[in-house]
Amino acid sequence: MNISKQRGQNHVRPYRLEDREACLTLFESNVPKYFASEERKDFISYLDDLKGPYFVMEDEKGAIVACGGYAVNKEDRTAAVLCWGMVRRDLHRCGLGQQLLAERLKRIAAEPQFSIVTIDTSQYSRGFFERFGFVAKRVCTDGFAPGLDLVEMQLDLPQLNL
C-alpha cells in the first residue's frame, strides 16, 4: 500500500525530555476511548526509559499534536514494535496519524534487520491500521482494560510501497 501521500505535512522530530508534559496531555486527550486511565503510569515509564526511537509531531505553530515511536521486539529482532502512537483527540481524522505512521514505517524500513512490524492496539484503532495493510493476529477481550480489547496486529514490510 502506498502511504507516502500526506495531507498537511507537519514537522516530525525526535522526542526530547521537555516534550514529556505535552505527550502526557496528548495521552489524557485520548482517555477513556483509546487508552485506559490506568495505562498512564506505563506511558510515563516508557517516556522515562525509551527502548527505541520516539518522535513528536509539531504543527506550524510548534505545538505538539502527535507522538509515537518504535522498538525492537525482544523475542524476534526482525520485528519492529510500534510504541505509544497517538494524536491529540480533537485532531483525529485530519491525516496526522497517517503522517506519523508513514514516518515511523519509513524509518523502520530503512533498518535492514526488520522484516515485520507489530502493534498491540485496541478495537477502536484496528481499522486505522488495517487500512495500511496490518492484519489482526489475535484479539484479547478486555486485554487493556474493561471494554478496551487488545488487538495484536502485524504488517510484513516487503509489501510496503513507501
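Residues numbered from 1 in each chain as written. Predicted model: local features only at pLDDT ≥ 70, side-chain atom pairs only at ≥ 80, totals over all residues. Heavy atoms only, no water.

**Description of helix α3 (residues 96-109)**
Put simply, the rule is: Runs of E in the DSSP output that reach at least two residues are strands. Runs of H or I that reach at least four are helices, and both are numbered from the N terminus. The span expected for a helix works out to 1.5 Å for each residue beyond the first. To sort residues, take the accessible area from a 1.4 Å probe on protein chains only and compare it with the maximum for the residue type: under 20% means buried, over 50% means exposed, and anything in between is partly exposed.
For α3, spanning 14 residues, the distance from its first C-alpha to its last is 20 Å, which sits close to the expected 20 Å at 1.5 Å a residue. For α3, a buried count of 10 out of 14 residues is recorded, marking the element as mostly surrounded by other parts of the structure. All of the buried residues along α3 are Leu96, Gly97, Gln99, Leu100, Leu101, Ala102, Glu103, Arg104, Leu105 and Ile108.

**A short note on the pattern of salt bridges**
What counts is decided by this rule: Salt bridges are defined as contacts in which a side-chain nitrogen from Lys or Arg sits within 4 Å of a carboxyl oxygen from Asp or Glu.
Considering all chains together, one arrives at 12 salt bridges under this definition. Residue Arg13 is joined to Glu58 by a salt bridge in which the shortest nitrogen-to-oxygen separation is 2.9 Å. Separated by 45 residues along the polypeptide, Arg13 in strand β1 (residues 11-14) and Glu58 in strand β2 (residues 54-58) bring together distant segments of the chain. Residue class for Glu58 comes out buried when judged on its relative accessible area of 14%. Here Arg138 makes a salt bridge to Glu152, at a shortest N to O gap of 2.8 Å. With Arg138 in strand β6 (residues 135-145) and Glu152 in strand β7 (residues 148-156), the pair connects residues that are 14 residues apart, well separated along the chain. Overall, Arg138 belongs to the partly exposed group, its relative accessible area being 43%. Among the residues examined, Glu152 registers a relative accessible area of 25% and is labelled partly exposed. Salt bridges sharing partners connect three or more residues here, namely Arg13, Asp19 and Glu58.

**Describing the layout of surface pockets**
Empty pockets left among the atoms are what a rolling probe the size of a water molecule brings to light. Put simply, the test is: With a 1 Å grid laid over protein atoms only, a set of points is called a cavity when a 1.4 Å probe fits there but cannot get out and a pocket when it is open yet has protein on both sides within 12 Å along at least five of seven lines; lining residues have an atom within 4 Å of a point. Grid points are joined across faces, edges and corners, and a volume is the space filled by probe spheres set on the points. Polar here means any residue outside two lists: the nonpolar Ala, Val, Leu, Ile, Met, Phe, Trp, Tyr, Cys and Pro, and the charged Asp, Glu, Lys and Arg; Gly therefore counts as polar.
Of the voids in this model, the largest pocket is the one considered here, and its volume is about 1200 Å³. Along the walls of the largest pocket sit 43 residues, with Gly85, Ile119, Thr121, Ser125 and Phe129 positioned nearest its centre. If you list the elements that add at least two residues to the lining of the largest pocket, you get β4 (79-87), α3, β5 (116-121), α4 (126-130), β6 and β7. Broken down by element, the residue count for the lining of the largest pocket peaks at seven residues, all from β4. Split by residue class, the lining of the largest pocket holds 20 nonpolar, 13 polar and 10 charged. In this model, the second largest pocket occupies a volume close to 330 Å³. Those elements that provide at least two residues to the lining of the second largest pocket are β3 (64-72) and β4.

**A look at the pairing of β2**
Test applied: At least two DSSP bridges between two strands are needed for those strands to be called paired.
Of all five residues in β2, five are buried; the element is thus mostly enclosed. Residues of β2 alternate between two faces, with Tyr54, Val56 and Glu58 on one and Phe55 and Met57 on the opposite face, all of them buried. Alignment of β1 against β2, held across four bridges, turns out to be antiparallel. When the bridges of β2 are listed, Arg13 appears paired with Val56. Taken together, the five bridges between β2 and β3 define a ladder with antiparallel strand orientation. Along β3, the bridge assignment pairs Val56 with Cys67. Taking the residues between adjacent antiparallel strands as the criterion, β2 and β3 are bridged by five residues, where Gly62 takes a positive phi near 90°.

Such coordinate-based values are descriptive only and should not be taken to indicate function.
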